[in-house]
Amino acid sequence: MNKLTVRDIEVGGRRVLVRVDFNVPLSATNGDITDDSRIQAAMPTIDYLISKGARIILCSHLGRPGGRVVEGLRLGTVARRLSKLLRQEVKYTTESIGTEVEETVAALKAGEVMLLENLRFHAGEEENSPAYATALARLADVYVDDAFATAHRSHASIVGVAGQLPAVAGLLLEKELTSLGRILEAPAHPFGVLLGGAKTSDKAAMLYNIMDKVNCVLIGGGMAATFLRASGYAVGLSQVKDDPQVASELIAKAARNRVRLILPEDVLVVGEDGTGVENVSSAKIPADKKIVDIGWQAITSFTRALERCRTVFWNGPMGIYEIDQYAEGTKAMARVIAGLNAATIIGGGSTAEIVIELKLADKMSFVSTGGGASLRFLSGEGLPGVDIILEKTPTGVNNG
Ligand code: 3PG
Ligand code: MG
């Protein structure tokens, strides 16, 4: 990686603003954190900064409050969880900018940690307003970006601040870029990509780019309906939200590149009212039913194809996995990938949540913290949050 990291600059005694992604899932019933992997993932950078005696100011968004204060999206719960993980108090301010925040920063001693309030309570965050970026930048001497999962957003705390302070990568960002970078640069072959989830359009750019590097692409989930339709199948009541043209172009590129494109030969379907679940051939999907999972034969053929791979990237569930009855395909793929003797990389977001829930995360080579960000990275389009970080100079001289 040719970017400067937190290891390349002097941080001892300095005020370091660290953008993390603490956008963790919360329980709908009591607001508790249901999975703290994203907090855990930021620990190496925080520990490193503590060990160097930096004065650490953490900042993050949580959810999509849309520029106003939403009580249920305050970061107090996260500050408490972080205090426990670090075994030291994390000071928490109920604002992200302003006098009170500046006073707390001024009182911060070497090795102490504070967390600012949810950045998205200010409209300036998502609008990347220079005024909001400046108010954040005043708090610190150095900026560290460790929020890989938000690196695809051109927000004030990502690109605005980075333009005003010496900006370096945190250790999580570095690990993400190295792990994902490896599958673009030097994947072991055969290389297979397993994709699912609702929309093809979210993944089209990534698929188009990666089609030059992979040997096979397997498609399940809502996306499968789009590809089946584009291949001439009737898909009953399955919603095809995408332009079938996108799938047709991807099918054509796969053929040109001699990439095996594998669609499910059978699927699990159900009637509109949720009754009449049956496993049918993809060629015989009843007009009054919709696809909810890949079928049994598809599970077998997907398994066979994955077992031949030495590199596998997976993003997106195979069906409506939130409903137990329709989660079999997704669970089966998670177990197969976990058992492979291959480099296995899991895209973040819901796919990471599934793998963590099934307690298979430590069986994978790498589980990304980024959903949209990892797809964007693999599309080769570049991430605004990464592009703005200082490059390593040939002499290693730092700009901090
Ligand atoms: C995510 O969970 O995808 C990241 O935290 C970014 O959040 P966003 O999609 O609301 O920008
Ligand atoms: Mg997102």
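This one's a predicted model, so the numbers in the text were calculated from it and none came from an experiment. The numbers attached to residues start from 1 for each chain and follow its sequence in the written order. To read the labels, note that chains go from A and ligands from 1, taken in the order they are written. In keeping with the model being predicted, local features are shown solely for residues with a pLDDT of at least 70 and side-chain atom pairs are shown and tallied solely at 80 or more, while totals for entire chains, interfaces and linings include all residues. Where side-chain values are given, they derive from all heavy atoms of the structure, hydrogens and water being excluded.

Draft legend 1. Spotlight on the overall build of the protein chain. Under the scheme used here, helices are H or I runs from DSSP no shorter than 4 residues and strands are E runs no shorter than 2 residues, and both carry numbers assigned from the N terminus. Within the protein chain, the secondary structure is distributed over 16 helices and 15 strands. On C-alpha atoms alone, the protein chain measures out to a radius of gyration of 23 Å, which is about the 21 Å that the 2.2 N^0.38 rule sets for 400 residues. The principal-axis extents of the C-alpha atoms in the protein chain amount to approximately 70 × 50 × 35 Å. With 400 residues in all, the protein chain has 55% of them scored as buried. Note that accessible areas follow from Shrake-Rupley with a 1.4 Å probe, and for residues the cover is restricted to the protein chains shown. Taken as a whole, the protein chain presents about 16,600 Å² of accessible surface, with 48% of it coming from carbon and sulfur. Residues counted as positive are Lys and Arg, residues counted as negative are Asp and Glu, and His and the chain ends are not counted. Where a charge sits is defined by one atom per residue type, namely NZ (Lys), CZ (Arg), CG (Asp) or CD (Glu). In the protein chain, 43 side chains carry a positive charge and 46 a negative one; their mean positions are 4 Å apart. With the radius of gyration taken over C-alpha atoms, the globule rule is written as 2.2 Å times the number of residues to the power 0.38. Exposed residues in this analysis have more than 50% of their type's maximum accessible area, buried residues have under 20%, and partly exposed residues fall in between, with area computed by a 1.4 Å probe over protein chains only.

Draft legend 2. Highlighting the packing of helix 10 (residues 221-230) against helix 11 (residues 244-256). Here the axes come from fitting lines to C-alpha atoms, over the contacting stretch only for helices, and the angles between their N-to-C directions go from 0 to 180 degrees. Viewed as axis vectors pointing N to C, helix 10 and helix 11 meet at an angle of 75°, and their least axial separation amounts to 9 Å. In terms of orientation, helix 10 lies roughly perpendicular with respect to helix 11. Residues Thr226, Phe227 and Ala230 of helix 10 form the contact with helix 11, whose participating residues are Pro244, Ala247, Ser248, Leu250 and Ile251. By the convention adopted, Pro, Cys, Tyr, Trp, Phe, Met, Ile, Leu, Val and Ala count as nonpolar, Lys, Arg, Asp and Glu as charged, and the other residues, Gly among them, as polar. Tallied by class, the residues present in the contact of helix 10 with helix 11 amount to 6 nonpolar, 2 polar and no charged. Here roughly perpendicular refers to angles of 65 to 115 degrees, roughly parallel to angles under 35, roughly antiparallel to angles over 145, and oblique to all remaining angles. Here a residue-residue contact requires only that any non-hydrogen atoms of the pair lie within 4.5 Å.

Draft legend 3. Broad picture of helix 4 (residues 99-106). When helix 4 is considered as a whole, its buried residues turn out to be Val101, Thr104 and Val105. Angularly, the buried residues of helix 4 cover 100° about the axis, an arc narrow enough to put them on a single face. With respect to the buried face of helix 4, the exposed residues turned more than 90 degrees away are Thr99, Glu103 and Ala106. Think of the arc as the fan of directions from the helix axis to the C-beta atoms.

Draft legend 4. Structural view of the packing of aromatic side chains. Pairing of aromatic rings covers Phe, Tyr and Trp, the last counted by its six-membered ring, and requires centre-to-centre distances within 6.5 Å; plane angles under 30 degrees mean stacked, over 60 mean edge-to-face, and any other angle means tilted. Per the stated rule, a full pass over the model turns up 0 aromatic pairs. One residue, Lys253, lies across the ring of Tyr208, its end atom 4.0 Å from the ring centre. By definition, being over a ring means that NZ of Lys or CZ of Arg is both within 6 Å of the ring centre and within 35 degrees of the ring normal.

Draft legend 5. Representation of the site of ligand 1 within the structure. Neighbouring residues are identified by heavy atoms, a residue being near a molecule or strand if any of them is within 4 Å of it. Taken together, Asp21, Asn23, Arg38, His61, Arg64, Arg120, Ala149, Thr150 and Arg153 make up all the residues around ligand 1. Throughout this description, a polar contact denotes any pair of N or O atoms lying within 3.5 Å of each other; where both atoms belong to protein, one of them has to be capable of donating a hydrogen while the other can accept it, and for residues adjacent in sequence the pair is counted only when both atoms sit in side chains. Take Arg120: an N or O atom from its side chain is 2.9 Å from an oxygen atom of ligand 1. Taking Arg153, its side chain carries an N or O atom lying 2.5 Å from an oxygen atom of ligand 1. Summarising the interface, the protein chains cover 85% of the accessible area of ligand 1, which totals 310 Å² for the free molecule. When its residues are assigned to classes, the shell around ligand 1 shows 1 nonpolar, 3 polar and 5 charged.

Draft legend 6. Main features of the layout of surface pockets. There is about 240 Å³ of room inside the second largest pocket. Grid points spaced at 1 Å over the protein atoms alone were grouped into cavities, where a 1.4 Å probe fits but cannot get out, and pockets, open sets with protein on both sides within 12 Å along at least five of seven lines, with lining residues defined by an atom within 4 Å of a point. The wall of the second largest pocket is formed by 14 residues, among which Met1, Asn2, Leu177, Glu185 and Phe377 lie closest to the centre. Of all the elements in the fold, those that place two or more residues in the lining of the second largest pocket are helix 8 (171-185) and helix 16 (384-387). It is helix 8 that contributes the most residues to the lining of the second largest pocket, 5 residues altogether. Looking at the lining of the second largest pocket residue by residue, the classes come out as 5 nonpolar, 4 polar and 5 charged. Grid points are joined across faces, edges and corners, and a volume is the space filled by probe spheres set on the points.

Draft legend 7. Local environment of the sheet that holds strand 5 (residues 142-145). Strand pairing is defined by DSSP finding a minimum of two bridges between the two strands. Reading across the sheet, the 6 strands line up as 3-4-2-1-5-6 and stay open at both edges, with parallel pairing between neighbours. The open sheet has two edge strands, strand 3 (90-92) and strand 6 (167-169), and neither has a second partner. Going from strand to strand, the sheet's axes swing by 25° on average, the running direction of each strand aside. Of the strand pairs in this sheet, strand 1 (residues 15-19) and strand 5 are connected by 4 bridges, and their pairing is parallel. Counterpart to Val18 in the pairing with strand 5 is Val144. Strands strand 2 (55-59), strand 3 and strand 4 (113-115) of the sheet are contacted by helix 3 (residues 76-86), whose axis makes an angle of about 170° with strand 3.

Draft legend 8. Broad picture of the sheet that holds strand 11 (residues 278-281). Taking strand neighbours across the sheet as the criterion, the 3 strands line up as 11-10-12 in an open arrangement whose pairing is antiparallel. If you trace the sheet from one side to the other, it starts and ends with strand 11 and strand 12 (289-294), each paired once. If you compare each strand with its neighbour and ignore which way they point, the axes differ by 45° on average. Sheet analysis places strand 10 (residues 266-271) next to strand 11, joined by 4 bridges and oriented antiparallel.

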